[in-house]
Amino acid sequence: MSAAGTRARVRAELTREIADVARRHLATEGAAALSLRAVAREMGMASSAVYRYFPSRDELLTALIVDAYDALGTAAEHAEAVVVRTDLRGRWRATCRATREWALAHPHEYALLYGSPVPGYAAPETTIAPAARVGVLLCQVLSDGVAAGTVDPAPDGTGAGAALTPGLAGSLGLPATLAPRAVTAWSGLYGAVSFELFGHTHNVVADQAAHFETTVDRLADLAGLPDQEGAEALRP
């Protein structure tokens, strides 16, 4: 390996190590208290050395956020990919289950994404595409349903589309009439996961997994996704 290749490998390894230490600090100190100096102390490095990899706390936070969104998106995509393509509700359920399972396995990273905002931090545009991966996957299920004739894109009479960002439906690959239902279902998924993870269903829900499954199916109903029997009946 050339000297340049060796330097690049060492830099990549140190970058990963810094991020790993920072993730541990998220669990013990919280995102708002994340400090490059504290990370450097744990690693036995001078803070000036860490700043060569992440010039600011915000850049480190952004890297952690993008990594977390990508890990969540990958988990959802892998779970959805193994379901038969024509089983739209099965794909929807797999995506939602994987989202919940990832959140329960990585609570501090989930809190970084969907918990309290970090004071003084504004997420840059580089976080937008990773953040959308789960939502885009759900929208693809609905889009496939429209193409197959099993999801009805007819207006529901609410006029909810007027509240959405212009052009959003097109960017999601959905008819404009279906986008509001997709956004509501997408929001509902994260609401259900967050309520469970942050303890808001304590003394309210006795069986979290069963309650989540019911919620996922109700969100699918709201989005206009038929069950398997209904899909067979509607298919031309």
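Values in this document were obtained by computation on a predicted structure and should not be read as measured data.

The rules we used
Residues numbered from 1 in each chain as written. Predicted model: local features only at pLDDT ≥ 70, side-chain atom pairs only at ≥ 80, totals over all residues. Heavy atoms only, no water. UniProt positions renumbered as here; feature names shortened; annotations may be inferred. Helix = DSSP H or I, 4+ residues; strand = E, 2+ residues; numbered from the N terminus. Buried < 20%, exposed > 50% of the residue type's maximum accessible area, 1.4 Å probe, protein only. Contact = heavy atoms within 4.5 Å. Polar contact = N/O pair within 3.5 Å; in protein donor to acceptor, adjacent residues only side chain to side chain. Phe/Tyr/Trp six-rings, centres within 6.5 Å; stacked < 30°, edge-to-face > 60°. Lys NZ or Arg CZ within 6 Å of the ring centre and 35° of its normal. Salt bridge = Lys/Arg side-chain N within 4 Å of Asp/Glu carboxyl O.

### So, the UniProt feature "DNA-binding region" (unreviewed entry) in the protein
In this structure's numbering, the residues bearing the UniProt feature "DNA-binding region" (unreviewed entry) are residues 35–54. In residues 35–54, the share of helix is 65% and the share of strand is 0%. The end C-alpha atoms are 11 Å apart.

### Overview of the environment of A160
Position of A160 among the secondary structure elements: in the loop between helix 8 (133–148) and helix 9 (168–172). Relative accessible area serves as the criterion here: at 35%, A160 is assigned to the partly exposed category.

### A look at the UniProt feature "domain: HTH tetR-type" (unreviewed entry) in the protein
Sequence positions flagged by UniProt for "domain: HTH tetR-type" (unreviewed entry) are, in local numbering, residues 12–72. Across residues 12–72, helical content stands at 77% and strand content at 0%; the span's end C-alpha atoms are separated by 22 Å.

### Brief notes about the environment of T127
Looking at where T127 falls in the secondary structure, it is placed in the loop between helix 6 (107–114) and helix 7 (128–131). Put simply, T127 and L64 are 63 residues apart on the chain and 10 Å apart in space, counted from C-alpha to C-alpha. Not counting the four nearest positions on each side in its chain, T127 is found in contact with T62, I65, V66 and Y69. At 2.8 Å, the side chain of T127 and the backbone oxygen of P124 are in polar contact.

### Considering the packing of aromatic side chains
Applying the stated rule across the entire model yields 4 aromatic pairs. For the ring pair Y110 and Y114, a centre distance of 5.0 Å and an interplane angle of 40° mean the geometry is tilted. With Y110 and Y114 both in helix 6 and 4 residues apart, the pair spans about one turn of that helix. You can call Y114 partly exposed: its relative accessible area is 23%. Arranged with centres 4.4 Å apart and planes meeting at 25°, the rings of Y114 and Y190 form a pair that is stacked. Taken together, the residues span a long stretch of sequence, with Y114 in helix 6 and Y190 in helix 10 (residues 179–197) at a distance of 76 residues. Here the aromatic cluster, defined as three or more aromatic residues joined through ring pairs, consists of Y69, Y110, Y114, Y190 and F198. Over the ring of F212 we find R100, and its NZ or CZ is 5.5 Å from the ring centre.

### So, unusual backbone geometry
Despite not being glycine, N203 shows a phi value in the positive range, around 65°. By the element assignment, N203 lies in the loop between helix 10 and helix 11 (208–223). Look at N203 and you get exposed, because its relative accessible area is 74%.

### What about the pattern of salt bridges?
Side-chain pairs of opposite charge can arise whenever the charged atoms involved come near each other. This structure, assessed with the given rule, holds 14 salt bridges. Here R133 and D70 are joined by a salt bridge, their closest N and O atoms 2.8 Å apart. With R133 in helix 8 and D70 in helix 4 (residues 57–81), this pair connects stretches of sequence that are 63 residues apart. A salt bridge links E77 to R133; the nearest nitrogen and oxygen atoms lie 2.7 Å apart. Of this pair, E77 sits in helix 4 while R133 sits in helix 8, and the two are 56 residues apart along the sequence. Residue E77 is classed as partly exposed on the basis of its relative accessible area, which comes to 28%. A network of salt bridges, in which partner residues are shared, links E80, R85, R91 and D144.

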